[in-house]
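Secondary and tertiary structure notes
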Amino acid sequence: MVDLSRPLLDWYEQNKRDLPWRRDVTPYRVWVSEIMLQQTRIEAARGYYERFMRALPTVEDLADAEEDTVLKLWEGLGYYSRARNLHKCARVIARERGGEFPRTVAELRALPGIGAYTAGAVASLAFNAPEAAVDGNVCRVLARVEACSETVGEPMRARYRRELTEILPEGKSGEFNSALMELGETVCTPGIPDCGRCPVAALCMARAEGDPDRYPVLPEKKTRRIEERRVLLMICADRVALRRRPERGLLSGLWELPNDTVPEPPEHGEPCGEAVHRFSHVEWRMRGYVLRVAGETEGFRWVTPEERRALAIPAAFSFYLKKLEEMGL
Ligand code: SF4
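Residues numbered from 1 in each chain as written. Predicted model: local features only at pLDDT ≥ 70, side-chain atom pairs only at ≥ 80, totals over all residues.

Turning to the overall build of the protein chain, a few remarks are in order. Within the protein chain, the secondary structure is distributed over 14 helices and 7 strands. Considering only C-alpha atoms, the protein chain reaches an extent of 70 × 50 × 30 Å along its principal axes. Expressed as a percentage of its 329 residues, the buried residues of the protein chain come to 32%. In the protein chain, the share of contacts with a sequence separation of at least 24, taken over all contacts with a separation of at least 6, comes to 69%. (Helix = DSSP H or I, 4+ residues; strand = E, 2+ residues; numbered from the N terminus. Buried ≥ 20, exposed ≤ 12 C-beta atoms within 10 Å, placed from the backbone. Contact = placed C-beta atoms within 7 Å.)

Okay, here's the thing in structure tokens:
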């Protein structure tokens, strides 16, 4: 691989953004930010990150927190299994490792929820270990620099991890990895890149070919399965019925409004609108019904508006939660 380090590091020095996780760098802060950034864009992550750090400033605080607290801090970011793994992993680090993060990719990867990318990012950004961190941004930049027509996937990422390790500048692996990611986020962006501002333009084969947005070659998108669901807003006086989802599968273990795939409207149900929510592999097309009931039937948790707001309820239900708010519930 062509050595990009010189122009890239000079450019980064001049252009790096002031991001909250780049201040007071600790393994904990790097790790939480990297997991959050897998969920959302940098600008959206800032607020979540600052709120999370205010509530749980150390790995011990996260380890000692209730799961519902962690999920509430994660609410809106999606993929709650990542928040659960974050919590599990904090417990391993705080309780089995005396609060110390491992420094090598191999040991980091043995922890819950830490894959090759996160391990490389924590090892290099927090400890300056000579490890690569290859995410979607890095793949895009490198595929363009070498005009690579291979489809993006694990074999490509593994090759880049290997090849980057060979060109990491000594003692500056963290900075180099951050610079490469920053370039992908701000200059060599998806769609048409801003090659005029690019520090590695002179080395870039895609630019020389004149059509850089041909790269990277992305795998074909899988089509989503459509699921028709009815959502029940069961109301008893000032309380609403919630239930927990099963411990496995989509949105596992989270609180939700009762819902099912029965096609008919429920008896005495008052329609309250339709909503669509897209997950990565499935699309829910929902029809909501308000059901006023005389007693709190078993099998549900009946919550006041205040209790409900303290729980993490997936964004899939936000349309109906808003309806409840409008009803003063
Ligand atoms: S020259 Fe353009 S395509 Fe090549 S790395 Fe820079 S921004 Fe990306």
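Still more ground to cover, so stick around.
This next bit is on the nonpolar core. Looking at soluble globular proteins, one finds that nonpolar side chains tend to be buried together. Membership of the largest hydrophobic core comes to 79 residues, with the highest contact counts inside it found for Val32, Trp74, Val122, Val138 and Leu180. Among the elements that take part in this core, helix α2 (residues 27–37) stands out by supplying 7 residues, more than any other. Residue assignment places this core across two domains, with domain 1 (5–214) and domain 2 (225–326) each supplying three or more. (Core = buried A, V, L, I, M, F, W, Y, C linked by C-beta atoms within 7 Å. Domains from an automatic or database assignment.)

Before going further, it helps to spend a moment on the site of the ligand. Taken together, 14 residues form the shell around the ligand, and within it Cys188, Cys195, Cys198, Cys204 and Pro212 come nearest. Elements with a contribution of two residues or more to the shell around the ligand: α9 (136–145) and α12 (205–209). A total of 3 residues in the shell around the ligand trace back to one element, the largest contributor, which is α9. Of the residues contributing to the shell around the ligand, the split by class is 12 nonpolar, no polar and 2 charged. (Near = placed C-beta within 6 Å. Nonpolar A, V, L, I, M, F, W, Y, C, P; charged D, E, K, R; others polar.)

A separate point is the domain arrangement of the protein chain. Segmentation of the protein chain into domains returns domain 1 (5–214) and domain 2 (225–326). On a C-alpha basis, the centroid separation for the pair domain 1 and domain 2 is 35 Å. Counting residues at the interface gives 9 residues for domain 1 and 7 residues for domain 2. Looking at the side of domain 1 that touches domain 2 element by element, the count peaks at 4 residues for helix α5 (residues 67–74).

To continue, consider the packing of α2 against helix α8 (residues 116–127). How two helices pack is summed up by the angle between their axes together with the distance between the axes. Look at α2 against α8: their axes get within 9 Å of each other, and the N-to-C directions meet at 145°. Judged by the sense of rotation from one axis to the other, the crossing of α2 with α8 is right-handed. Between α2, through Pro27, Val30, Trp31, Glu34 and Ile35, and α8, the contact on the second element is made entirely by Thr118, Ala121, Val122, Leu125 and Ala126. Here the residues of the contact of α2 with α8 are counted per class, giving 8 nonpolar, 1 polar and 1 charged. (Axes fitted to C-alpha atoms, helices over the stretch in contact; angles between N-to-C directions. Left-handed = near helix turned anticlockwise from the far one by under 90°.)

When strand β1 (residues 225–236) meets strand β6 (residues 282–292), the two strands line up parallel, connected through 11 bridges. Within β6, the position partnered with leucine 232 by the bridge is tyrosine 289. Here 7 bridges tie strand β5 (residues 270–278) to β6, and the two strands are oriented antiparallel to one another. Paired with valine 276 across the bridge in β6 is arginine 285. Between the antiparallel neighbours β5 and β6 lie 3 residues. (Pairing = 2+ DSSP bridges.)

So, on to the packing of α8 against helix α11 (residues 173–186). At a minimum axis separation of 7 Å, α8 and α11 run at an interaxial angle of 125°. Looking at the two axes, α8 sits oblique to α11. Considering how the two elements wind past one another, α8 and α11 form a crossing that is left-handed. Mapping the contact onto sequence places Ala121, Ser124 and Leu125 in α8 and Ser173, Gly174, Asn177 and Ser178 in α11. Tallied by class, residues from the contact of α8 with α11 come to 2 nonpolar, 5 polar and no charged. (Parallel < 35°, antiparallel > 145°, perpendicular 65-115°, else oblique.)

By the secondary structure assignment, serine 252 is in the loop between β2 (239–244) and β3 (255–256). Once the C-alpha coordinates of serine 252 and serine 81 are considered, the two residues, 171 residues apart in sequence, prove to be 7.5 Å apart.

Attention now moves to the environment of proline 266. Along the chain, proline 266 turns up in the loop between β4 (259–260) and β5. When the 15 C-beta atoms within 10 Å are taken as the criterion, proline 266 is described as partly exposed. Between the C-alpha atom of proline 266 and that of valine 290, which follows or precedes it by 24 residues, the distance is 9.3 Å. With residues up to four places along the chain from it excluded, the contact list for proline 266 reads Arg230, Leu232, Tyr289 and Leu291.

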